[in-house]
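Residues per chain are reported as follows:
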Amino acid sequence: MFRINKAHPWHGISAGDSFPNEVTVFIEIVPPDTVKYEVDKDTGYLKIDRPQQYSNVVPANYGFVPQTYCASRVAERARVKSGRPITAGDGDPLDILVLSEHHIPRGDIILKAKPIGGFCLIDSGEADDKIIATLIGDKVYEQYHEIAELPKGVIARFEHYFLTYKNMPGEPGRCDIAYSYGREEAYDIIQAAMADYQELLTTIEVTSGM
């Protein structure tokens, strides 16, 4: 069946039938965008969040996994694994970067990706995990099944981007990478974020009296 209205990319698109091994991704930003776009939670349209600072350019296709939410379960995993006093998840869908040899000209698209690992990013005391994945069918990147298999330069590029992409002149850095992890833990994070999303829906239904 077809829709006569546009599905909200966070709520109206399935995470996929084979998750967490394969996930649907909604792409918001592509290299070499110099503006950070993100989905407006109310309307589902892309909006400008902010211009990228200085020479920061997103190192891969950047978006989120639909029907996920970074809240208590994601935060608890980060707190236990890192030993840090993490207060909460960042309250957004689970971020994901998708590697591909192909140039994707713009965001506002969906694709299928294979998670291979991720970074536990801490942003102002909140868990803001970044899943790293490869585009399904990409003949260059499909050979990688674990983040540790990637060239060191690719991993260093990811780390530098996340450590600096929110920095402002004269202010201390907001973000810190607590640790990185492989494919199996990436699966666990995705499932935790899906459970957080289901809890969010339940909370909304209760508070709205549905």
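Computed from a predicted structure; not experimentally measured. Numbers given for residues are sequential positions, taken from 1 along each chain in its written order. It should be noted that, the model being predicted, local features are given only for residues of pLDDT at least 70 and side-chain atom pairs only at 80 or more, the latter also being counted only at that level, while totals for whole chains, interfaces and linings use all residues. As a rule here, side-chain values come from all non-hydrogen atoms in the structure, and water together with hydrogens is ignored.

1. Notes on the pairing of strand β1 (residues 23-29)
Then, number 1: Within β1, seven of the seven residues are buried, leaving the element largely enclosed by the surrounding structure.
Then, number 2: Alignment of β1 against strand β7 (residues 109-123), held across five bridges, turns out to be antiparallel. Of the residues in β7, the one forming a bridge with valine 25 is leucine 111.
Then, number 3: Two strands are said to pair when DSSP picks up at least two bridges between them. Strands are runs of DSSP state E lasting at least 2 residues, helices are runs of H or I lasting at least 4, and numbering of each runs from the N terminus. Of the pairings in the sheet, the one linking β1 to strand β4 (residues 61-65) comprises three bridges and is antiparallel in character. If you follow phenylalanine 26 over to β4, its bridge partner there is phenylalanine 64. Buried, partly exposed and exposed residues are distinguished by accessible area as a fraction of the type maximum, computed with a 1.4 Å probe on protein chains only: under 20%, between the cut-offs, and over 50%, respectively.

2. Concerning the environment of phenylalanine 64
Then, number 1: In this structure, phenylalanine 64 sits in strand β4.
Then, number 2: Residues phenylalanine 64 and tryptophan 10 lie 54 residues apart in sequence; the distance between their C-alpha atoms is 8.2 Å.
Then, number 3: For phenylalanine 64, the residues in contact, after removing those within four places along its chain, are Pro9, Trp10, Thr24, Val25, Phe26, Glu28, Val39, Pro93, Leu94, Asp95 and Ile96. We call two residues contacting when some pair of their heavy atoms lies within 4.5 Å.

3. Points about the packing of aromatic side chains
Then, number 1: In this analysis, rings of Phe, Tyr and Trp, with Trp reduced to its six-membered ring, are considered paired at centre separations within 6.5 Å, and the interplanar angle assigns stacked below 30 degrees, edge-to-face beyond 60, and tilted for intermediate values. This structure, assessed with the given rule, holds ten aromatic pairs.
Then, number 2: Look at tryptophan 10 and tyrosine 69: their rings are 6.1 Å apart centre to centre, the planes differ by 35 degrees, and that puts the pair in the tilted class. Of this pair, tryptophan 10 sits in the segment before β1 while tyrosine 69 sits in the loop between β4 and α1 (72-82), and the two are 59 residues apart along the sequence.
Then, number 3: Each ring, one from tyrosine 161 and one from tyrosine 165, has its centre 5.0 Å from the other, and the planes form 40 degrees; the classification is tilted.
Then, number 4: Given a relative accessible area of 1%, tyrosine 165 falls into the buried group.
Then, number 5: Aromatic rings pair up to connect Phe119, Phe158, Tyr161, Phe162 and Tyr165 into one cluster.
Then, number 6: Each ring is checked for a lysine NZ or an arginine CZ that lies within 6 Å of its centre and within 35 degrees of its normal; such an atom marks a charge sitting over the ring. In this structure, lysine 81 packs its charged tip against the face of tyrosine 179, placed 5.7 Å from the ring centre.

4. With respect to the environment of glutamate 22
Then, number 1: Here glutamate 22 is to be found in the segment before β1.
Then, number 2: In this structure the C-alpha to C-alpha distance between glutamate 22 and lysine 112, which are 90 residues apart in sequence, comes to 6.7 Å.
Then, number 3: Here glutamate 22 is in contact with Ala15, Ala113, Pro115 and Ile136, once residues within four sequence places are set aside.

5. A short note on helix α2 (residues 152-164)
Then, number 1: One fewer than the residue count of a helix, multiplied by 1.5 Å, yields its expected span. Taking 1.5 Å of rise per residue, 13 residues should cover 18 Å, and α2 covers 18 Å from first to last C-alpha, within 8% of that figure.
Then, number 2: All buried positions along α2 are accounted for by Val154, Ile155, Phe158, Tyr161 and Phe162. Take α2 and look down its axis: the buried residues cluster within an arc of 125 degrees, on one side only. Across from the buried face of α2, at angles greater than 90 degrees, the exposed residues are Lys152 and Arg157.
Then, number 3: Lining the buried residues of α2 we find β4, β6 (94-99), β7, β9 (130-135) and β10 (175-182). Note: the arc covers the axis-to-C-beta directions of the helix.

6. Considerations on the nonpolar core
Then, number 1: Counting 31 residues, the largest nonpolar core has Val25, Leu94, Ile96, Val98, Leu111, Ile131 and Tyr181 as the members making the most contacts within it.
Then, number 2: Only β1, α1, β6, β7, β9, β10 and α3 (183-208) provide two or more residues apiece to this core.
Then, number 3: Here isoleucine 96 is in contact with Val23, Val25, Asn61, Tyr62, Gly63, Phe64, Val65, Ile131 and Ala133, once residues within four sequence places are set aside. Nonpolar cores are built from buried Ala, Val, Leu, Ile, Met, Phe, Trp, Tyr and Cys residues. Side-chain atoms within 4.5 Å join them into one set.

7. Thoughts on the pattern of salt bridges
Then, number 1: For this document, the term salt bridge refers to a Lys or Arg side-chain nitrogen within 4 Å of an Asp or Glu carboxyl oxygen. Counted under the stated rule, the structure contains 18 salt bridges.
Then, number 2: A salt bridge links lysine 81 to glutamate 185; its shortest N-O distance comes to 3.4 Å. Of this pair, lysine 81 sits in helix α1 while glutamate 185 sits in helix α3, and the two are 104 residues apart along the sequence.
Then, number 3: Shared partners join several salt bridges into a network, and the residues in it are Lys36, Glu38, Asp49 and Arg50.

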